[in-house]
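Listed below are the residues making up each chain.
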Amino acid sequence: PIEGVYVSWANDGFFNLLENNFPNNPQPQRWTWLSALNLRWNWKRLTLNGTLVSTFAAEQVSDGVAPDNRKHLSPSFSFVYQPFHAHSFFLRLMYKDTFRNPSFNDMYYEQTGNRGLRPEKAHEYNVGVTWKSKSWNSLEYLSLTADAYYNKVEDKIVALPSLYVWRMMNYGRVDIKGADISVQGRLIFDERFRLSLTAVYSFQEALDLTDKKSKTYKHQVPYTPRHSGNVGAQFETPWLNVGYSVVLVGERYRMRQNTPANLLERYDEHTLTLSRAFQLKRCELRLQVDVVNLTDKQYDVIKYYPMPGRSNRCTIQVKF
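Below or above, wherever it landed, is the structure these notes cover. (Residues numbered from 1 in each chain as written. Predicted model: local features only at pLDDT ≥ 70, side-chain atom pairs only at ≥ 80, totals over all residues. Heavy atoms only, no water.)

### Some words on a nonpolar patch on the surface
Rules: Each patch is assembled from residues with relative accessible area greater than 30% and no salt bridge, linking like charges that lie within 9 Å and nonpolar side chains (Val, Leu, Ile, Met, Phe, Trp, Tyr) that lie within 5 Å. Per-residue and other accessible areas follow the Shrake-Rupley method at a 1.4 Å probe size, with only the shown protein chains counted as cover for residues. We define a salt bridge as a contact between a side-chain nitrogen of Lys or Arg and a carboxyl oxygen of Asp or Glu at a distance within 4 Å. Comment: elements are numbered from the N terminus, with helices defined as DSSP H or I runs of at least four residues and strands as E runs of at least two. Summary of the burial criterion: residues with accessible area below 20% of their type's maximum are buried, those above 50% are exposed, and those between are partly exposed, where the area comes from a 1.4 Å probe applied to protein chains only.
Together, Phe189, Phe235, Trp239, Leu240, Val242, Leu274 and Val289 make up a nonpolar patch on the protein surface, roughly 600 Å² of accessible area in all. In this structure, valine 242 sits in strand β11 (residues 241-249). Accessibility expressed as a relative area gives 32% for valine 242, which makes it partly exposed.

In C-alpha cells form, the structure reads like this:
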C-alpha cells in the first residue's frame, strides 16, 4: 500500500418497472448496472479525488420499439487544497462528466411523456472557495462559500408547455454559466440567546445554443431565473424561537423565445416561524407554527398556475 492513497470499487444494480391501467402504457422494464472506481490521495493539506463511473442500461417494452441499450463512461476529478494550516480556508476545483437516463415519468407519463427522449450528457466545471472564521467574542462562527461554474449540456431534458399540456423534450445544447455565494453566521449573546443568519445568492445564465439559425438561439431556457436567492434569520430564546425567511426569484421566461409577452415577473415569498421544544420525561415534544407567504402576495411559479396566498401550518414532533 502507498501512504495516503485509497482505492475503492463499488457496483450497484437496479431493476425498474412501470405498471398502470392506462390503455397505452407499454409496461416498460429497465435493468441498470453502475460500476464506480474511486482513487483518493491525501498529502499534507492537499486532497485529490478521481472517479470513473460505468453506466449500462437495457430496456424492454410490451408495445412499440424499446430504446437502444445505453452505455457511458463518466470520469470526474476534484482538487481540494488548504493553503494555510491555521485557517479553515480551502480552494476547490472540480470537473465532472455526467450522464442522465430519462426516467419512466419523462418517457411514459400519460400525455406528458416522450418515448423518443435521448439521455442527457454534460461536462461540468467548478471552481470555488470555502472559509470559516474562528470564534471571537459573541461571534460563534462566520462562514463563506463561493463557487463559479460552467456546464456544457447536450440533449438537456426539460419540460415545456405545448398547446394544452406540458411535454418532455430534449434541447440540443445548453450552455450554463453561473455563480453561487452563501454566507452563514451565528451570534451568541449568552447561553440563552442566539441569532443565526443565512444569505444565499445564485446567478445562472442557461442559454439555448442548439441552432444558430433559430429564433431562440442564445435565449434563456424557460423557467430559469438569472437571479435568485434567500435570506433567513432565527432568534433562539429560552421561551420561544422566532425565524424569518425570504425567498427571492428573479424574472424568467415561460416559453423558449425571450419576448416581453413571455416574461414572468419576479416574486418574493416571506415565511414566519415560531417554535419551542419541551422536555417531557423520556421524550422531547417540539411545536412549530409557520405562516407561509406572510405578505399574501399573488404570484406564479408557472404561468396560469397561481400559488396560494397566505397559509398557516402547524407541526408537532415527538422524539423518544
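After presenting the structure, the write-up continues.
### Quick look at the side chain of serine 35
The test is simple: Throughout this description, a polar contact denotes any pair of N or O atoms lying within 3.5 Å of each other; where both atoms belong to protein, one of them has to be capable of donating a hydrogen while the other can accept it, and for residues adjacent in sequence the pair is counted only when both atoms sit in side chains. In this description, contact between two residues means that some pair of their heavy atoms is separated by no more than 4.5 Å.
Along the polypeptide, serine 35 turns up in strand β2 (residues 29-43). Its relative accessible area of 15% is what places serine 35 among the buried residues. Only 2.8 Å separates the side chain of serine 35 from the side chain of asparagine 11, close enough to count as a polar contact. In this view, serine 35 contacts Trp9, Ala10, Asn11, Leu52, Val53 and Ser54; residues no more than four positions away in its chain are not counted.

### Thoughts on unusual backbone geometry
Of note in the backbone geometry, asparagine 137 takes a positive phi value of approximately 50 degrees without being a glycine. Tracing the backbone shows asparagine 137 in the loop between β6 (120-132) and β7 (139-161). With phi around 65 degrees, lysine 218 is a residue other than glycine that occupies positive phi space. Relative to the helices and strands, lysine 218 is located in the loop between β9 (193-208) and β10 (227-236).

Keep in mind these numbers describe shape, not what the thing actually does.
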